[in-house]
Amino acid sequence: MLDLRLNKLMNEEILKGYEKEVNRINKMIMDKSGQGNDFLGWVDWPVNYDKEELARIKKDAQYVRDNFDILVVCGIGGSYLGARSALEALNGLKSDDKLEIIFMGQTFSPNYVAQVMNYLKGKNFAINVISKSGTTTETSISFRLLKELLESQIGKEKARKAIYATTDREKGALKTLCNNEGYATYVLPGDIGGRYSVFTAVGTFPLACAGVDVEAMIRGAQVARKEIESAPLKDNKCYQYAVMRDYMYHHNKPVEMYVTYEPQMSQISEWLKQLFGESEGKEHKGLYPGSATFSTDLHSLGQYIQDGTPLLFETIINIKEPKQDIVIPHDNDDLDGLNYLEGKNLAFVNQKAFEGTLQAHEDGGVPCNVIYVDKLDAYNLGYLFYFFMRACAMSAYMLDINPFNQPGVEVYKKNMFHLLGKKGY
Ligand code: PA5
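Residues numbered from 1 in each chain as written. Predicted model: local features only at pLDDT ≥ 70, side-chain atom pairs only at ≥ 80, totals over all residues. Heavy atoms only, no water.

### Considering helix α11 (residues 237-249)
For step 1, the next point in the chain: Its 13 residues give α11 an end-to-end C-alpha distance of 18 Å, which sits within 8% of 18 Å, the value for a rise of 1.5 Å per residue.
For step 2, the next point in the chain: Across the 13 residues that make up α11, a large majority, 11, are buried.
For step 3, the next point in the chain: Every buried residue of α11 is accounted for by Cys 238, Tyr 239, Gln 240, Tyr 241, Ala 242, Val 243, Met 244, Arg 245, Asp 246, Tyr 247 and Met 248. (Helix = DSSP H or I, 4+ residues; strand = E, 2+ residues; numbered from the N terminus. Expected span 1.5 Å × (residues − 1). Buried < 20%, exposed > 50% of the residue type's maximum accessible area, 1.4 Å probe, protein only.)

As structure tokens, then:
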């Protein structure tokens with residue numbers, strides 16, 4: 001499962017000093033009495049989730065797998081990153097699953113949108129549109145285009161059976177559209193915000209379509225929830241991680257860099273950046289969340305991390321057991337000088353790169369934390385998602401910030417709507 005090695009600046013005394021504060025905030029999260037408490041539905045969701053809806057999701061997902069070649073998942077931010085990150089982490093970057101999953105609705109890029117639309121022409125695809133508000137412009141434009149293409153290819157009636165929507169239970173433009181058109185709909189509960197929604201239909205429908213064992217993922221979250229709620233700080237990895245973040249923030253380390261050694265986890269870093277950045281970055285406070293994929297980025301950012309302005313600390317997610325491995329072959333000429341590695345697995349080389357880099361960065365004064373995960377499967381990923389969500393709530397409350405709103409996001413929208421000529425702006 002999960003183990004945590006905190007950076008060398010941390011010690012038992014520091015942790016002890018945080019004990020009371022952590023207990024107070026944990027109680028506040030459980031009692032739902034802190035700021036933004038009407039958005040704490042995610043805390044108990046792994047236990048309280050809608051069992052009937054999940055059964056329907058699994059049935060519909062099987063129908064999609066049996067009847068379509070492609071599922072286009074249309075959403076942005078919290079209505080996109082959970083599914084995408086889990087999908088890539090679990091199925092890899094070159095998945096050979098029979099259902100292809102494509103993401104749209106997360107950009108205004110005319111190049112990207114036009115390319116996806118071209119690719120879909122003449123193909124047998126279904127759509128999963130995801131938007132809590134139902135009015136997010138990136139998603140709405142993409143959905144309008146996708147719906148039009150689908151209807152032009154298979155007709156309005158058949159298209160109705162190929163469109164699946166995840167939105168608010170009763171309100172919003174998308175909900176009205178679903179009611180009018182009769183699309184299958186799933187609910188993003190009112191008390192769960194986008195970036196905390198991966199265990200709801202926002203994550204489970206697309207992931208079930210991709211053949212992921214979503215129940216195992218939820219089980220992982222259940223176990224994490226139980227452990228985090230009851231363990232004292234000295235045994236509580238999640239809250240120790242949150243304490244470490246707070247300590248770094250107050251000791252001149254304003255940047256946290258998430259590091260993985262698996263390119264298929266780079267979207268997990270994107271999910272983490274959204275979770276922590278959007279939850280914590282308020283009132284001119286909060287750590288800046290960055291990310292890097294090693295060893296690739298050791299050949300770019302590595303120089304800065306080792307020798308540049310000492311403003312960051314690392315949180316490395318180390319997966320102990322890769323899903324697949326490959327052996328380095330013998331070469332008679334050995335002109336590349338690699339025969340000293342013949343017969344060794346790439347996992348061994350990746351591990352040594354991790355160990356060597358960890359030591360180099362620590363010797364260079366970069367505080368490095370390591371989260372060890374046994375393997376990348378649905379269960380462990382569920383545990384990890386919940387671990388970070390809970391740590392994020394704890395961290396934000398330590399800074400006296402509401403983790404569940406995002407007032408700053410509205411500023412660009414207002415300007416953009418004004419420039420686009422939207423009524424009322
Ligand atoms: O975490 C969040 O709340 C946001 O990132 C939203 O998920 C994102 O803005 C998309 O919103 P909506 O689901 O309303 O389209």
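Now, onward.
### A look at the domain arrangement of the chain
How large an interface is tends to be reported as the accessible area lost when its parts come together.
For step 1, the next point in the chain: We note that the domain assignment places domain 1 (2-31 + 217-407) and domain 2 (42-212) within the chain.
For step 2, the next point in the chain: Using only C-alpha atoms to locate each centre, domain 1 and domain 2 end up separated by 29 Å.
For step 3, the next point in the chain: Opposite the 34 residues of domain 1 that make contact, domain 2 presents 27 residues.
For step 4, the next point in the chain: Taking both partners together, domain 1 and domain 2 bury about 2700 Å²; carbon and sulfur atoms supply 68% of that area.
For step 5, the next point in the chain: For domain 1, the biggest contributors to the area lost against domain 2 are Ile 218, Gln 264 and Gln 267; these three give 24% of the whole.
For step 6, the next point in the chain: Counting the contacts that link domain 1 with domain 2 gives two salt bridges.
For step 7, the next point in the chain: Put simply, Glu 278 and Arg 195 hold a salt bridge, and the shortest N to O gap is 3.2 Å.
For step 8, the next point in the chain: Scanning the region where domain 1 abuts domain 2 turns up 12 residue pairs in polar contact (both at pLDDT 80 or more).
For step 9, the next point in the chain: Mapped by element, the contributors of at least two residues to the side of domain 1 that touches domain 2 are α10 (214-230), α12 (266-280) and α15 (378-398).
For step 10, the next point in the chain: By residue number, the principal contributor to the side of domain 1 that touches domain 2 is α15, which donates nine residues. (Domains from an automatic or database assignment. Contact = heavy atoms within 4.5 Å. Buried area = accessible area lost by both parts, 1.4 Å probe. Salt bridge = Lys/Arg side-chain N within 4 Å of Asp/Glu carboxyl O. Polar contact = N/O pair within 3.5 Å; in protein donor to acceptor, adjacent residues only side chain to side chain.)

### Brief notes about the site of the ligand
For step 1, the next point in the chain: With respect to spatial proximity, 13 residues lie near the ligand, and among them Ser 79, Ser 131, Ser 133, Thr 136 and Gln 274 are the closest.
For step 2, the next point in the chain: At a separation of 2.7 Å, an oxygen atom of the ligand approaches a polar side-chain atom of Ser 133.
For step 3, the next point in the chain: Separating an oxygen atom of the ligand from a side-chain N or O atom of Thr 136 is a distance of 2.5 Å.
For step 4, the next point in the chain: The cavity where the ligand resides is the largest pocket.
For step 5, the next point in the chain: The class makeup of the residues in the shell around the ligand is one nonpolar, nine polar and three charged.
For step 6, the next point in the chain: Shared between two domains, the shell around the ligand holds at least three residues of each, these being domain 1 (2-31 + 217-407) and domain 2 (42-212). (Near = heavy atom within 4 Å. 1 Å grid on protein atoms, 1.4 Å probe; cavity = no way out; pocket = protein on both sides within 12 Å on 5 of 7 lines; lining within 4 Å. Sits in = over half its atoms within 2 Å of the grid points. Nonpolar A, V, L, I, M, F, W, Y, C, P; charged D, E, K, R; others polar.)

### What to know about the nonpolar core
For step 1, the next point in the chain: Counting residues in hydrophobic clusters, the biggest one holds 119 residues, and the most contacted among them are Trp 42, Phe 199 and Phe 388.
For step 2, the next point in the chain: Among the elements that take part in this core, α15 stands out by supplying 15 residues, more than any other.
For step 3, the next point in the chain: In this structure, this core is formed jointly by two domains, domain 1 (2-31 + 217-407) and domain 2 (42-212), each of which donates at least three residues.
For step 4, the next point in the chain: Beyond its immediate chain neighbours, meaning those up to four positions away, Phe 199 contacts Trp 45, Thr 204, Met 217, Ile 218, Ala 221, Gly 382, Phe 385, Tyr 386 and Met 389.
For step 5, the next point in the chain: Val 255, Phe 294, Leu 312 and Leu 358 belong to the second-largest nonpolar core, a separate cluster that totals 14 residues. (Core = buried A, V, L, I, M, F, W, Y, C linked by side-chain atoms within 4.5 Å.)

### Things to note about the pairing of strand β3 (residues 100-104)
For step 1, the next point in the chain: When you tally the buried positions in β3, you get four out of five residues, the bulk of the element.
For step 2, the next point in the chain: Note that strand β2 (residues 70-74) and β3 share five bridges and pair parallel. In the strand pairing of β3, Ile 70 is matched with Glu 100.
For step 3, the next point in the chain: As a crossover connection, the stretch from β2 through helix α4 (residues 81-91) into β3 is right-handed. (Pairing = 2+ DSSP bridges. Right-handed = clockwise from strand over helix to strand, strands pointing away.)

### Some remarks on the packing of aromatic side chains
For step 1, the next point in the chain: Applying the stated criterion across every chain yields a total of 23 aromatic pairs.
For step 2, the next point in the chain: Where Trp 42 meets Phe 404, the ring centres are 6.2 Å apart and the plane angle is 55°; that geometry is what we call tilted. Of this pair, Trp 42 sits in helix α2 (residues 41-48) while Phe 404 sits in the loop between α15 and α16 (409-420), and the two are 362 residues apart along the sequence.
For step 3, the next point in the chain: Judged by its relative accessible area of 1%, Trp 42 falls in the buried class.
For step 4, the next point in the chain: On the basis of relative accessibility, which here comes to 6%, the residue Phe 404 falls in the buried class.
For step 5, the next point in the chain: Each ring, one from Tyr 241 and one from Phe 276, has its centre 6.4 Å from the other, and the planes form 80°; the classification is edge-to-face. Taken together, the positions of Tyr 241 in helix α11 and Phe 276 in helix α12 put the pair 35 residues apart, joining distant regions of the chain.
For step 6, the next point in the chain: You can call Tyr 241 buried: its relative accessible area is 0%.
For step 7, the next point in the chain: By the ring-pair criterion, three or more aromatic residues cluster together here, those being Trp 42, Tyr 196, Tyr 386, Tyr 397 and Phe 404.
For step 8, the next point in the chain: Over the aromatic face of Tyr 119 sits the side chain of Lys 123, whose NZ or CZ is 3.7 Å from the ring centroid. (Phe/Tyr/Trp six-rings, centres within 6.5 Å; stacked < 30°, edge-to-face > 60°. Lys NZ or Arg CZ within 6 Å of the ring centre and 35° of its normal.)

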